[in-house]
Amino acid sequence: MKVVFEPENKEAIFDQLQEIAEKYGTTVKQQDTGKGHFIFVKAKLKIVEKVREYRHRIQVWGAKDEDVNYLKQFWGEPIKKIVQKMTPLVFAKEIVKIPNVNELTIEDITAIMEISESDYEQYCRYIKVAASNASAPPEVVKAYNLLENIS
């Protein structure tokens, strides 16, 4: 998910970012453009300080609930939360993990995965195309075979 915080204590932001970077085993970097800093946690999080017209905002991509709970101690409740869609590969990995998935209906799967039927159809199309590739990950091929039997 993506969350946006609006910190009250702007002077403490850099020190807070350094503490967060230490926790995640990385460093704070200076933005190339404008004021502000960012933290990039490989394959997990991206935390960016944005400064516009004396307003500081912290944008966090790839956050899980435990990350948001940790970051709340620095900046309070986020002013915005945006739930991001899964990638087709994540969808494929998750569909393979569902017990007895081949006995479920499309409605059951969309409820379990918390997605709409149109999202389900879109994931099926992506997985069909990806599975036809010779270098497709095994999870994608397995997911494709499962989805073919469900559809």
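Rules used throughout
- Residues numbered from 1 in each chain as written.
- Predicted model: local features only at pLDDT ≥ 70, side-chain atom pairs only at ≥ 80, totals over all residues.
- Heavy atoms only, no water.
- Helix = DSSP H or I, 4+ residues; strand = E, 2+ residues; numbered from the N terminus.
- Contact = heavy atoms within 4.5 Å.
- Core = buried A, V, L, I, M, F, W, Y, C linked by side-chain atoms within 4.5 Å.
- Buried < 20%, exposed > 50% of the residue type's maximum accessible area, 1.4 Å probe, protein only.
- Expected span 1.5 Å × (residues − 1).
- Arc of directions from axis to C-beta.

Before going further, it helps to examine the side chain of Gln 31. Structurally, the position occupied by Gln 31 is in the loop between strand E2 (28–30) and strand E3 (37–41). Ignoring sequence-local partners within four residues, the contact set of Gln 31 consists of Gly 36, His 37, Phe 38, Val 48 and Glu 49.

What follows deals with the nonpolar core. Ile 20, Ile 39, Ile 47, Val 60, Leu 71 and Trp 75 are the most contacted members of the largest nonpolar core, which totals 21 residues. Within the residue set of this core, elements represented by two or more residues are strand E1 (2–5), helix H1 (13–23), E3, strand E4 (45–52), strand E5 (55–61) and helix H2 (65–75). Those residues within four positions of Trp 75 in sequence are excluded, and the remaining contacts are Phe 5, Pro 7, Ile 13, Gln 16, Leu 17, Ile 20, Ile 47 and Ile 58. Ranked by size, the runner-up nonpolar core spans 18 residues in total, among them Ile 98, Ala 131, Leu 147 and Ile 150.

Taking 1.5 Å of rise per residue, 15 residues should cover 21 Å, and helix H5 (residues 117–131) covers 21 Å from first to last C-alpha, within 8% of that figure. Asp 119, Tyr 120, Tyr 123, Cys 124, Ile 127 and Ala 131 are the residues of H5 that are buried. Buried residues in H5, looked at end-on, bunch into an arc of 140°, giving them a common side. Every exposed residue of H5 that faces more than 90 degrees away from the buried side is listed here: Arg 125 and Val 129.

Geometry only, nothing functional implied.
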